[in-house]
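Close look at the chain arrangement
So you can see what is in the structure, the chains are spelled out below.
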Amino acid sequence: ANAPPSQLDQSARDALVRPFTQEEVEHVVNHAPANKAMGDDCISAELLRQIVALHPPLLAALTTAFNRYLQGTSPMPTQWRKSVMILLHKKGDPT
């Protein structure tokens, strides 16, 4: 089930790169976890939900942008390629 992309059959590879639908983007926006840290773009899930609620045409624009990034016809924002990982020891032996 966790085969590398090179070992997937063509239909499985096609499923990984099929275009996003507006309904999928709307679902992700509406179900993104609240009270989580923002990324470098400083846009929280709550802010994005409020913006989309006030300006519904943004969903179509987001869907188009995400599909262009997926297809490689538009450059992905640099901030999306960065991450910072901080390991937090919670309990037990830290080693």
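Residues numbered from 1 in each chain as written. Predicted model: local features only at pLDDT ≥ 70, side-chain atom pairs only at ≥ 80, totals over all residues. Heavy atoms only, no water.

Side note on the packing of aromatic side chains
- Applying the stated criterion to the full structure yields two aromatic pairs.
- Ring geometry for Phe20 against Phe66: centres 6.5 Å apart, planes inclined by 75°, an arrangement best described as edge-to-face. Of this pair, Phe20 sits in the loop between α1 (10-16) and α2 (22-31) while Phe66 sits in helix α4 (residues 57-71); the two residues are 46 residues apart in sequence, bridging distant segments of the chain.
- Residue classification places Phe20 among the partly exposed positions, given a relative accessible area of 37%. (Phe/Tyr/Trp six-rings, centres within 6.5 Å; stacked < 30°, edge-to-face > 60°. Helix = DSSP H or I, 4+ residues; strand = E, 2+ residues; numbered from the N terminus. Buried < 20%, exposed > 50% of the residue type's maximum accessible area, 1.4 Å probe, protein only.)

Describing the pattern of salt bridges
- One pass over the full model with this rule turns up one salt bridge.
- The salt bridge involving Glu24 is made with Arg18; its shortest N-O contact spans 2.5 Å.
- We classify Glu24 as partly exposed; its relative accessible area is 28%.
- According to the relative accessible area criterion, Arg18 is partly exposed, its value standing at 42%. (Salt bridge = Lys/Arg side-chain N within 4 Å of Asp/Glu carboxyl O.)

Points about α4
- An ideal rise of 1.5 Å per residue puts 21 Å on 15 residues; α4 measures up with 22 Å between its terminal C-alpha atoms.
- Taken residue by residue, α4 has Leu59, Leu62, Thr63 and Asn67 as its buried positions. Within α4, the buried residues cover an arc of 130° as seen down the axis, which keeps them to one side.
- Against the buried residues of α4 lie α2 and α3 (45-54).
- A positive phi of about 80° marks Gly72, the residue just after α4. (Expected span 1.5 Å × (residues − 1). Arc of directions from axis to C-beta. Contact = heavy atoms within 4.5 Å.)

Here we look at the environment of Glu46
- Examined against the element boundaries, Glu46 turns out to sit in helix α3.
- Residues Glu46 and Val29, spaced 17 residues apart in sequence, show a C-alpha to C-alpha distance of 8.8 Å.
- Leave out the neighbours within four places in its chain, and Glu46 touches Ala34 and Asn35.

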